[in-house]
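Each chain is listed here by its residues.
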Amino acid sequence: MSSEAAISEKLAQVQDEETLHTRAVVFPDDYGDIHEEKITHGVPRPKGPEMKREMTKEDKELAAAGYGHLDEEKKGKDKSSGPKFENVDIHEHQLSLKELASALETDFEHKDPGNSHGLTAEEAKVRLTRDGRNVLTPPKKKSAFRKYLDCLLTMFNILLVIAGILEYILLGIDFKDNFANTYLGGILIGVAFLNAFIEFYQMQKSEAILASFLAMIPPSCHVVRDGSITSIPAADLVKGDVVLLRTGDKTPADVIIFSSTELKVDNSNLTGESEAQERFATYDGCKSRPVEATNLVFNSTLIVNGEGWGVVVRTGDHTLIGQIAALTGGESGNQSPLAIEIGRFVMMISSIAIVFAVVFFAVGISTVYKGKAAQTVTFAVSILVAFVPEGLPSVVTLLLSIAAKRMAQQNVLVKDLQGVETLGTLTLLATDKTGTLTRNQMTVTNLWSGGKMYTAFQSNNDSETTEAFSINAPGMREMVDIAALNSRVKFDKMDLPFEQRAILGDATETGLTRFAGRHIGDYDKAQKEFPKVFEIPFNSSNKWALVILNKPHEDGNLTLYIKGAPERVLAKCSTYLNDGRVEPMSDDFKKLYDEAYNYMASRGHRVIACAQKLLPASAYGPSHAFSKKDGEYPSTDYCFCGLISLEDPPKHGVREAIGTLRLAGIKVMMVTGDHPKTAEAIARKINLILGDTKETLSARTGRPVEEIYEDEVDAVVVHGDDIDGLQGWQWDQIFAKNEIVFARTSPQHKLEIVKHAQALGHIVGVTGDGVNDSPALKKADLGIAMNISGSDVSKEAANMILLDDNFASTVKGVAEGRQIFVNLKRSIQYTMTHITPEVIPQLLYVVVPIPLPLSAILILVIDLGFELFVALSFAWDKPETEDGLMRMSPRKPVNDRTIMALKTRALERTKTLRRDTENQEVIQPSKISVWKNKLKQYTTRRYWVELLSPAEGETLVDGKLLSYSYIEAGLIETLGTLVAYFVVFFKNGFSPSDLRKAQQASIHQAYFTNSSPDFINYRGEVITASKQVDALAQAQSIVYLSIFIIQCFNVFAVKAKFSFPFGKSIVGNVWNFVGIFAGACLGMFIVYTPPLHVVFGGTDKLSPLYWLIPAAFGVLLLVWSSVRVLFLRKGIEQSRVKDIKGLMMFPTMRTMSMRSKH
């Protein structure tokens, strides 16, 4: 069997089965140097895969197919050459620190930066007035005229303008016969310009609203003024200000570094360098070019490691980035999925309109008009106008703007209007833990040393053997010293008591410092008494922080302290502290360590290990030079002091929010840098994991992990060390699980997870608050950042910002996103319904023929009159049911069938690519080859099968919508308008046969004009020209009003999906009635106002009793809508997400506040 046939067979198999089970697998352990984390319940991680069946070559090819483009991206990633820096005017980096302080007239301390005085508040105010605010001139954007032109040059408007110009050309050819078209041509062109203006105005208004919201979250920075560290808006920074830069900060101006520790900067947005660059102080200045200066940090670059103190030398447009035009120009032209869908819809409708207009022109000129080209063109124009929903682009923009404003009131800021709807399409949400799901408020809970567990607060949750913490207990003094002295926290004010100071540092450091400050005595005295000699700050690759202090002991003056991830710290230790004695590590100790670690981590606590080394004076004298680069510092044979656990409780409402998202069919997974056990414990508290993993199932049943198959468990915890080696089929198995946690991940891992999820067709949302989340936030379909706790970097990378840092706001956003899609769809469905009653009467006018039921001008009044009011009112529609759309699957769900279809297509594309025979890299085809293959695909069976196969999920304009608008409701409206049309004519003396007879005779002598001859009807009555004109005016007026009246009923009929078109949820939108009232006023004004009869052809003689005819058909439409609900109900019920057993939809509680019920 060929591979292609095997793929087809597999696809058919998946379509028949609910779930495709592949094989169970345990990921091989390729990282043998770290074992502590990978031992679960005493059972080492088994090597290699365990299979239920062998994987064929076709299986492997198919599994890898969907991820092929990710490998090509890695290979073909070009490094940006970056902009040209030759003409940059920056020279301050060449000055010595002494000259710099003098030139800037500021005060900073090179050796003890924390004691820098900086500028005074008065001097800063003077300089701000003199130099201006620290803001860049906004990038050059499109002018208002250009934006308006873009709105005008849409397909719908172009068609209207062309139609209007055609009318004026006809006027020039034969002025007398075509004089009536003067109004039509002017209105068509005017409508196009008005439509463009509405869209342009709303766009400008939306941009202004978004700009005002973004102003609510200005970038801030830490600055030293009058000797105190304070946080100010970056825009208020001036030359000479002393600033503190820390990991996660966005550099607020061009800064010369005068003191730093392991400071690294990401200059990729300036120079294209992918590697972070180290920056440090140079006392005598740096003579290199500005871009290569090691003591200069540029505005808008990102601090990715360490910290530094610097002095501001350039602000605003005088900074490097302000001087490079290439960096400040241009706007991105990316289109959202919704914009692409709307664009396709517009092109489809426009194409249909053009085709019908051409066909009707051909039919008209050969039948009714018999060679009268001018009249036929006007008729074709009316067909074109009937098909084009002219106001739709404006309605879409208005609907999204209203939704964005409504979301902002719920503290969800959307940077891009289309992002409102994107949130509603999410199928997978990857979320960080610390600061996003948890409060980022660490509190020390337990300490363990020498085999004994201590509790830092009174709690009934601890075991009976847990003792209350005492500083005098063995090992506790050492751990408190490590927490206090191996720290990089800063305080806003040093003149306040320790308890009243605000701590500037991450949550873990803050928690440890608060705890140590309560027990160490005089915190400030300890810092000064034991100064730092050497330091390596914590970073995401080391996962530990090390410091060497001038702290005397029996064998010397230097003491080394290290704290960090337990497995990393333990790997560096050879001894441990036991009741004040140093003893060599043993298997018994490691067993006690595992028990303590599991006890702490299984409660969802973050666990930090502490170790020390007393450096002997014989090897490390007072003048010993330590260096990280050369490994010139002690890195082994430490003494393990113990473990400290800190609790970061889940945020209020997170558990219910995740439960709600899961019930909405969205897969929620945690991606964190924490230990797997800690991550799993938190995940179980917040509804993220409910079922068994292989490890928990093994512990519960006593079966070995390697004997448990993948289809037996629905949850998985993946270690970050395994991610780099995962193959395609392993990624498939991970994402097939409903409950996923990735632990010990790096920023690059987070990015890879997002890419692989997107490769399977997922619409991925990422929530995060740290600099390590920013690559994933940027790559995701929707990046969601935290405002209060989030770094500037994460907020810049995200598409959406939670202003109150409340993860539960995501639920509101998803509900709003789903509802706005429904409202958009209802609006389009409502708007498209009137096309059939506009077009079919025109067809009868040509084919039967009958007098023209609806003029082109009245069609325009429908499309841009009452339709615009009512279509816009759908923006305020509420959910149809109590739980709204939050129990329905996402509109484009990802399942085995969609994944298999996607992979099959990807595999076919892969096979058609030409590759280099030596390195197997893809050879890009020529443009001719691309066009040749495009033309060739139309002759293949596969192309037509894919094109005609029903799309998985729901699109904005799908078959059901078109069926309802064009056929079901469209035909009911058509019947209603035609019945009213014929009844009005009948009451005026014209039977249907009379109408046909009069219209056929119009070829030789025109009826229904002021100069028409008398007409003798079927009863032999004579109808004069004036009565003929009045009869036609009444008939056209009732057609116009019939469409309006039936559309009033249609407002409620289009809402009926889950329930019948009655009840509070359907008629509860008061704006629907406002729209209907506005449309009614317009209709009465046009039909019954005599001065307007010249333009629109209305009449004040039309009896209101005729309105009852379309009202009856409106009731019929509601009846049909109710029947339709019964037909569709089964399918809708099937798309509802089933209840999830074990969900806890009640608030979480802090561990320390819980009390045992025993």
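Within each chain, residue numbers correspond to sequence positions counted from 1 in written order. Confidence filtering applies because this is a predicted model: local features only for residues at pLDDT of at least 70, side-chain atom pairs given and counted only at 80 or more, and all residues used for totals across whole chains, interfaces and linings. Where side-chain values are given, they derive from all heavy atoms of the structure, hydrogens and water being excluded.

Under an unreviewed UniProt entry, the name given to the protein is Cation-transporting P-type ATPase N-terminal domain-containing protein, and the organism recorded is Ceriporiopsis subvermispora.

Caption draft 1: Representation of the overall build of the protein. Helix and strand content of the protein: 41 helices and 33 strands. Every residue pair with non-hydrogen atoms within 4.5 Å of one another is taken to be in contact. Across the protein, every contact between residues at least 6 apart in sequence was considered, and the portion connecting residues at least 24 apart equals 73%. Surface summary for the protein: the accessible area is close to 51,700 Å², and the carbon and sulfur share equals 57%. The numbering of helices and of strands both runs from the N terminus, where a helix is a DSSP run of H or I of at least 4 residues and a strand a run of E of at least 2. Accessibility throughout is a Shrake-Rupley quantity obtained with a 1.4 Å probe, and a residue counts as covered only by protein chains that appear here.

Caption draft 2: Quick look at the pattern of salt bridges. Here, a salt bridge means any Lys or Arg side-chain nitrogen found within 4 Å of an Asp or Glu carboxyl oxygen. Summed over all chains, the structure comprises 35 salt bridges. Across the salt bridge formed by Glu-535 and Lys-532, the nearest N and O atoms sit 3.2 Å from each other. In this structure, the salt-bridge partner of Lys-825 is Asp-958, at a minimum N-O distance of 2.7 Å. Pair noted here: Lys-825 is in helix α28 (residues 809-833) and Asp-958 is in the loop between α34 (941-948) and α35 (959-987), with a separation of 133 residues, a long-range link.

Caption draft 3: Main features of the environment of Phe-735. Note that Phe-735 resides in helix α24 (residues 728-736). Partly exposed residues are those whose accessible area sits between 20% and 50% of the maximum for their type, while under 20% is buried and over 50% is exposed, using a 1.4 Å probe and protein chains only. Owing to a relative accessible area of 3%, Phe-735 belongs among the buried residues under this scheme. Spatially, the C-alpha atom of Phe-735 lies 9.1 Å from that of His-756, the residues being 21 residues apart in sequence. Once residues within four sequence positions are removed from consideration, Phe-735 is found in contact with Leu-428, Lys-667, Met-669, Ile-740, Ile-753, His-756, Ala-757 and Leu-760.

Caption draft 4: Region of the structure containing the pairing of strand β25 (residues 715-719). Among the 5 residues of β25, 4 are classified as buried, and the element is accordingly described as predominantly covered. Strands are treated as partners if at least two bridges between them are detected by DSSP. In the sheet, β25 pairs with strand β26 (residues 739-743) via 5 bridges, with the strands oriented parallel. Within β26, the residue paired with Val-717 across the bridge is Val-741.

Caption draft 5: Quick look at the sheet that holds strand β10 (residues 412-414). With mixed pairing, 8 strands are arranged side by side in an open sheet as β10-β29-β28-β27-β11-β24-β26-β25. Of all strands in the sheet, those with a lone pairing partner are β10 and β25, marking the two edges. Neighbouring strand axes in the sheet, compared pairwise and without regard to direction, differ in orientation by 20° on average. The convention used is that axes are lines fitted to C-alpha atoms, helices contributing only their stretch in contact, and that angles between N-to-C directions extend from 0 to 180 degrees.

Caption draft 6: Structural view of the nonpolar core. Membership of the largest hydrophobic core comes to 145 residues, with the highest contact counts inside it found for Met-670, Leu-688, Phe-985 and Tyr-1040. Looking at this core, the element that brings in the most residues is helix α37 (residues 1025-1053), giving 15 residues. Look past the residues within four positions of Leu-688 in its chain and what remains in contact with it is Leu-437, Ile-658, Arg-662, Val-668, Met-669, Met-670, Ala-683, Glu-739, Ile-740 and Val-741. Val-480, Phe-498, Ala-507 and Leu-512 belong to the second largest nonpolar core, which has 36 residues in total. Take the buried Ala, Val, Leu, Ile, Met, Phe, Trp, Tyr and Cys residues and link them wherever side-chain atoms come within 4.5 Å; each set so joined is a nonpolar core.

Caption draft 7: Molecular detail of the packing of aromatic side chains. Classification of ring pairs rests on two measures: the distance between centres of Phe, Tyr or Trp rings, Trp counted by its six-membered ring, which must be within 6.5 Å, and the angle between planes, read as stacked under 30 degrees, edge-to-face over 60 and tilted in between. Enumeration over the complete set of coordinates arrives at 29 aromatic pairs. When the ring of Tyr-593 is compared with that of Phe-640, the centres are 5.9 Å apart and the planes differ by 85°; the resulting orientation is edge-to-face. A residue pair is termed long-range when its members are at least 10 positions apart, and Tyr-593 in helix α19 (residues 587-601) and Phe-640 in strand β23 (residues 638-647) qualify at 47 residues. Accessibility assignment for this pair places Tyr-593 and Phe-640 in one class, buried. Whether a charge sits over a ring comes down to the Lys NZ or Arg CZ being within 6 Å of the ring centre and within 35 degrees of the ring normal. Note that Lys-551 overlies the ring of Phe-530, its terminal NZ or CZ placed 5.3 Å from the centroid.

Caption draft 8: Region of the structure containing the environment of Glu-529. Considering the arrangement of structural elements, one finds Glu-529 in helix α17 (residues 523-529). Sequence separation of Glu-529 and Lys-551 is 22 residues, and the distance between their C-alpha atoms is 8.0 Å.

Caption draft 9: Structural detail: the packing of helix α13 (residues 392-409) against α28. It is at 11 Å that the axes of α13 and α28 come closest, and there the two elements cross at 160°. If you check the angle between α13 and α28, you find them roughly antiparallel. Judged by the sense of rotation from one axis to the other, the crossing of α13 with α28 is right-handed. In this structure, α13 uses Leu-392, Val-395, Val-396, Leu-399, Leu-400, Ala-403, Arg-406 and Met-407 to contact α28, whose residues at the interface are Gly-813, Glu-816, Ile-820, Asn-823, Leu-824, Ser-827 and Ile-828. An angle counts as roughly parallel when it lies under 35 degrees, as roughly antiparallel when it exceeds 145, as roughly perpendicular when it falls between 65 and 115, and as oblique in every other case. In this scheme the handedness of a crossing depends on how the near helix is turned from the far one: anticlockwise by less than a right angle means left-handed, clockwise means right-handed.

Caption draft 10: Inspection of a nonpolar patch on the surface at higher detail. To count toward a patch, a residue needs a relative accessible area above 30% and no salt bridge. Like charges then connect within 9 Å, nonpolar side chains (Val, Leu, Ile, Met, Phe, Trp, Tyr) within 5 Å. A contiguous nonpolar surface patch, about 510 Å² in accessible area, is contributed by Leu-153, Ile-158, Ile-162, Ile-165, Leu-166 and Ile-169. The topology assignment puts Ile-158 in helix α7 (residues 155-173). Take Ile-158: its relative accessible area is 32%, and that puts it in the partly exposed class.

Caption draft 11: Spatial organisation of the pairing of strand β28 (residues 782-786). Within β28, 5 of the 5 residues are buried, which leaves it mostly tucked inside the rest of the structure. Relative to β28, strand β27 (residues 764-768) runs parallel, the two being bridged by 4 bridges. Bridged to Val-766 within β28 is Gly-783. Summarising the sheet, β28 and strand β29 (residues 800-802) pair through 3 bridges and their orientation is parallel. Within β29, the residue paired with Met-786 across the bridge is Leu-802.

Caption draft 12: Representation of the side chain of Thr-977 in the model. Inspection of the secondary structure puts Thr-977 in helix α35. With relative accessibility at 1%, the residue Thr-977 sits in the buried group. The residues touching Thr-977, leaving out its near neighbours within four places in the chain, are Pro-837, Val-1039, Ser-1042, Ile-1043 and Ile-1046.

Caption draft 13: Broad picture of α13. A helix is expected to span 1.5 Å multiplied by its residue count minus one. Under the 1.5 Å per step criterion, the end-to-end length of α13 is 26 Å for 18 residues, consistent within 8% with the ideal 26 Å. Extensive coverage of α13 is indicated by the burial of 16 of its 18 residues.

Caption draft 14: Quick look at the confidence of the model for the protein. For the protein, mean pLDDT is 80; residues scoring 70 or higher make up 82% of the total. What pLDDT conveys is the predictor's confidence in a given residue, as a value from 0 to 100. A low-confidence stretch, residues 77-83 stays under pLDDT 50, and its non-local contacts, those more than four residues away or across chains, total 9 contacts.

Caption draft 15: Layout of the environment of Lys-1064. Turning to its location among the elements, Lys-1064 is positioned in helix α38 (residues 1064-1067). For Lys-1064, a relative accessible area of 75% puts it in the exposed group.

Caption draft 16: The arrangement of unusual backbone geometry in detail. Cis peptide bonds are those with omega within 30 degrees of zero, and the linkage from Val-848 to Pro-849 qualifies with -5°. Examined against the element boundaries, Pro-849 turns out to sit in the loop between α29 (835-847) and α30 (856-864). With a phi close to 55°, Glu-105 is a non-glycine residue in the positive phi region. Position of Glu-105 relative to the elements: it lies in the loop between α4 (97-104) and α5 (121-131). The backbone phi angle of Phe-1008 is positive, close to 65°, even though this residue is not glycine. Here Phe-1008 shows up in the loop between α36 (992-1001) and β32 (1015-1016). Judged by relative accessible area, Phe-1008 falls into the buried class, the value being 8%.

Caption draft 17: Spatial organisation of the state of the cysteines. We call a pair of cysteine sulfur atoms a disulfide whenever their separation is within 2.5 Å. Overall, the coordinates contain 0 disulfides when judged by the stated rule. The closest cysteine sulfur to the non-disulfide-bonded Cys-610 is located on Cys-641, 6.8 Å from its own sulfur.

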